[in-house]
Amino acid sequence: MQTHTDKKRIYLASPHMSGNEQKYIEQAFHTNWIAPLGPNVDAFETELTAYVGASEGVALSSGTAAIHLALSLLGVKKGDTVFCSTFTFVASANPILYQGADPVFIDSEPDTWNMSPQALEKALKVAKLKRKLPKAVIVVNLYGQSAKMDEILNLCNEYCVPVIEDAAESLGSTYKGKASGTFGKFGIYSFNGNKIITTSGGGMLISNEKEAIKKARFLSTQARDEAVHYQHSEMGYNYRMSNILAGVGRGQLEVLQQRVFEKRDIFDFYEEELSEVPGISFMPELEETFSNRWLSVMTIDEKITGLSVNGLVIALAEKNIEARPVWKPLHLQPLFKDVAYFPHEKGHSVSEKLFKTGICLPSGTNMTKKEQLHVINTIKSALIINDPSFSPASEIR
Ligand SMILES: *Cc1c(COP(=O)(O)O)cnc(C)c1O
């Protein structure tokens, strides 16, 4: 029998099927809907928008494609500026480059680790003085935690700048009782393999504006005019989700709520076992928000624990456990080296500090309790704590 300890690798986040995906795929085969359109696509759009409480959605080949179409619908073009959270995955900002526009990166704040309203306000003020307001603000809800949407929306409304909510990591989370992703003019979700639910690859663009989503659907299928022959007056994309993959999405959506609770249990177990360790703290959850805890993230203080983030990643890898540093802020990426950046406070960059101390722990919902405990004990024994009352190993009670 294989034991959990050394043979089986523990991953950061791996796909976790419900078992019903096959049923929807079979329906597609049975009716020969093996196309980038079809009943599963329509149903997946209806079911997901109903779940989050949005009126319209278009299923796409990726979350990145959804951001790209949102920018395109907002008329973002060469020479425009778009503000974006700096503390995120590169996919949030790449579409700004696709449109030939210039990104401006906004720092995080400590309560949510997401976009700092204070830094955003500064950036908007400067943009107004230069008479060049951004065409859009892309707000990211990292690791499932919603950003301070009220503050951010108030500012964006004041300056009349539309918001795109990158909820790729926060499907199933809420802010003041309302689904993450439904706050901006546009919201986007991702169903990439590592996300809370997956279609192996896919995304969705949602909005309450029917005409905008209709246009997105048109653009995502090569912008084909209504004519018997193939006629095109606009540049389009091949961004539609296939009917097979939408079938996977429907099976996954059935267990989304369950996955959220499982993810939260994993986070709670880590927090319970590790938050007492000197030098370790966990990602906060803002009051009146409910995080899907897509990934369990903690920070370690090297001065107290004697171990850096990279040191801990290596110590875990030696036990066949996958862990990763948090996203490297985009303003620190070589790709964006000359891009403007607004820190939370002058001389105080929250995202840079988080990058130095943050680590993502294995958070797959198919992990056993025993595997989670193996992760916890590996962390405890890797740290060099000068405290005789601190005992490393824990057992399942
Ligand atoms: C995964 C992710 C995306 C992109 O989604 P894809 O479906 O992989 O294109 C965008 N933003 C964030 C924050 C993500 O984590």
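Quick note: structure is the one above.
All values derive from a computational prediction rather than experimental measurement. (Residues numbered from 1 in each chain as written. Predicted model: local features only at pLDDT ≥ 70, side-chain atom pairs only at ≥ 80, totals over all residues. Heavy atoms only, no water.)

Asks: Explain the pattern of salt bridges here, please?
Replies: When the charged atoms of two side chains lie near each other, side chains of opposite charge can form a pair. Counted according to the given criterion, the structure contains 16 salt bridges. Between E45 and R217 there is a salt bridge whose closest N-O contact spans 3.2 Å. Of this pair, E45 sits in helix α2 (residues 39-52) while R217 sits in helix α7 (residues 210-220), and the two are 172 residues apart along the sequence. The exposure class assigned to R217 is partly exposed, which follows from its relative accessible area of 27%. Between E45 and R240 there is a salt bridge, with the nearest N and O atoms lying 2.8 Å from each other. Remark: R240 occurs in the loop between α7 and α8 (243-253) and E45 occurs in helix α2; sequence separation between them is 195 residues. The class of E45 is buried, set by a relative accessible area of 6%. Judged by relative accessible area, which is 8%, R240 ranks as buried. In the salt-bridge network here, residues are joined through shared partners; they are E45, R217 and R240. (Salt bridge = Lys/Arg side-chain N within 4 Å of Asp/Glu carboxyl O. Helix = DSSP H or I, 4+ residues; strand = E, 2+ residues; numbered from the N terminus. Buried < 20%, exposed > 50% of the residue type's maximum accessible area, 1.4 Å probe, protein only.)

Asks: Can you walk me through the site of the ligand in this structure?
Replies: In the vicinity of the ligand lie 15 residues, with G63, T64, E169, S190 and K195 positioned nearest. A distance of 2.4 Å separates an oxygen atom of the ligand from a polar side-chain atom of T64. G202 is positioned with one of its backbone polar atoms (N or O) 3.5 Å from an oxygen atom of the ligand. Its free accessible area being 380 Å², the ligand has 94% of it covered by the protein chains. (Near = heavy atom within 4 Å. Polar contact = N/O pair within 3.5 Å; in protein donor to acceptor, adjacent residues only side chain to side chain. Areas by Shrake-Rupley, 256 points an atom, 1.4 Å probe, with all protein chains shown as cover.)

Asks: I'm lost on the sheet that holds strand β3 (residues 102-106) in this one. Help?
Replies: In a beta sheet, neighbouring strands are held together by backbone hydrogen bonds and run either parallel or antiparallel to one another. On the basis of which strands lie adjacent, the open sheet formed by eight strands has the order β1-β9-β8-β5-β4-β2-β3-β14 and mixed pairing. A single partner strand is all that each edge strand has here, and the edge strands are β1 (56-60) and β14 (341-342). Note: strand β2 (residues 81-85) against strand β4 (residues 136-140), three bridges, orientation parallel. Paired with C84 across the two strands is I138, which belongs to β4. Helix-sheet contacts for helix α3 (residues 63-73) involve β1, β2, β4, β5 (163-166), β8 (186-190) and β9 (203-207), and the interaxial angle to β8 is about 165 degrees. Where helix α6 (residues 149-158) meets the sheet, it contacts β4 and β5, and its direction lies at approximately 155 degrees from that of β5. (Pairing = 2+ DSSP bridges. Contact = heavy atoms within 4.5 Å. Axes fitted to C-alpha atoms, helices over the stretch in contact; angles between N-to-C directions.)

Asks: Would you mind going over α2 with me for this structure?
Replies: In an α-helix, one turn spans 3.6 residues; hence positions three or four apart end up facing the same way. The terminal C-alpha atoms of α2, which comprises 14 residues, lie 20 Å apart, in line with the 20 Å expected from a rise of 1.5 Å per residue. Buried within α2 are the following residues: N40, V41, A43, F44, E45, L48, T49 and V52. Where α2 terminates, the next one or two residues include G53, which has phi positive at roughly 80 degrees. (Expected span 1.5 Å × (residues − 1).)

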